[in-house]
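Now for the letters of each chain:
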Amino acid sequence: MSKYILLLNWTEQGVKTVKESAKRYDAAKEAAKAVGGTLETIYMTFGAYDLVGILDAPNDEAAATFVLRTGMAGNIRATTLKAFSEADYRKVIGGI
């Protein structure tokens, strides 16, 4: 499984219906399962991003599918970062 950091902002629609965001979070957890992944957690933040999430997905295609499916509802915009574990980081650096 690969890890992905999700930097999320509510759209205007998402802010107007923010009271429903917990239900949307539950739906996002199910959407992650549907692509073979797990939405580990979501943190509500303030500053440049409204939410930060951690997604485990089997591959980049599954992560992209998850992000696109959740984005289609129109409540969030996402910036997705692929994260490398310490072991993978050391392997990459060791190959330089």
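Above: the structure in question.
Residues numbered from 1 in each chain as written. Predicted model: local features only at pLDDT ≥ 70, side-chain atom pairs only at ≥ 80, totals over all residues. Heavy atoms only, no water.

> Before we move on, could you go through the overall build of the chain and cite the residues and values that matter?
Looking only at helices and strands, one finds four helices and four strands in the chain. When the elements of the chain are put in sequence order from the N terminus, they spell out β-α-α-β-β-α-β-α. Along the first, second and third principal axes, the C-alpha atoms of the chain reach 50 × 30 × 15 Å. Residues counted as buried form 28% of the 96 residues belonging to the chain. Summing over all exposed atoms, the chain offers an accessible surface of approximately 6400 Å²; the carbon and sulfur share of this is 59%. Here the chain contributes 12 positive and 11 negative side-chain charges, whose respective centroids are spaced 3 Å apart. (Helix = DSSP H or I, 4+ residues; strand = E, 2+ residues; numbered from the N terminus. Buried < 20%, exposed > 50% of the residue type's maximum accessible area, 1.4 Å probe, protein only. Areas by Shrake-Rupley, 256 points an atom, 1.4 Å probe, with all protein chains shown as cover. Lys, Arg positive; Asp, Glu negative; His and termini not counted. Charge placed at Lys NZ, Arg CZ, Asp CG, Glu CD.)

> Can you tell me about the side chain of Thr70, naming the residues and giving the values?
Counting through the fold element by element, Thr70 comes out in helix α3 (residues 60-71). Those residues in contact with Thr70, other than ones at most four positions away along the chain, are Ala28, Ala31 and Ile76. (Contact = heavy atoms within 4.5 Å.)

> How would you sum up the packing of aromatic side chains? Please name residues and give values.
Counted according to the given criterion, the structure contains zero aromatic pairs. Directly above the aromatic system of Tyr25 lies the positively charged group of Lys29, at a separation of 4.7 Å from the ring centroid. (Phe/Tyr/Trp six-rings, centres within 6.5 Å; stacked < 30°, edge-to-face > 60°. Lys NZ or Arg CZ within 6 Å of the ring centre and 35° of its normal.)

> Describe the sheet that holds strand β1 (residues 2-10), listing the residues and the values that go with them.
Reading across from one edge, β2-β3-β1-β4 is the order of the four strands in this open sheet, with antiparallel pairing throughout. If you trace the sheet from one side to the other, it starts and ends with β2 (38-44) and β4 (76-83), each paired once. Within the sheet, the average angular offset between the axes of one strand and its neighbour, ignoring direction, is 20°. Both β2 and strand β3 (residues 51-57) contribute to a ladder of six bridges, which runs antiparallel. Following the sheet pairing, Thr41 is matched in β3 by Ile54. Along the sheet face, helix α2 (residues 21-34) touches β1, β2 and β3 and points at about 155° away from the line of β2. Sheet strands touched by α3: β1, β2, β3 and β4. Its angle to β4, the strand with the most contacts, is close to 165°. (Pairing = 2+ DSSP bridges. Axes fitted to C-alpha atoms, helices over the stretch in contact; angles between N-to-C directions.)

> Mind laying out a nonpolar patch on the surface, listing which residues take part and the relevant values?
Taken together, Phe84, Tyr89, Val92, Ile93 and Ile96 make up a surface patch of nonpolar side chains, about 580 Å² in accessible area. For Ile93, the position within the fold is in helix α4 (residues 86-94). Here Ile93 falls in the partly exposed class, since its relative accessible area comes to 44%. (Patch = residues over 30% accessible without salt bridge, like charges linked within 9 Å, V, L, I, M, F, W, Y side chains within 5 Å. Salt bridge = Lys/Arg side-chain N within 4 Å of Asp/Glu carboxyl O.)

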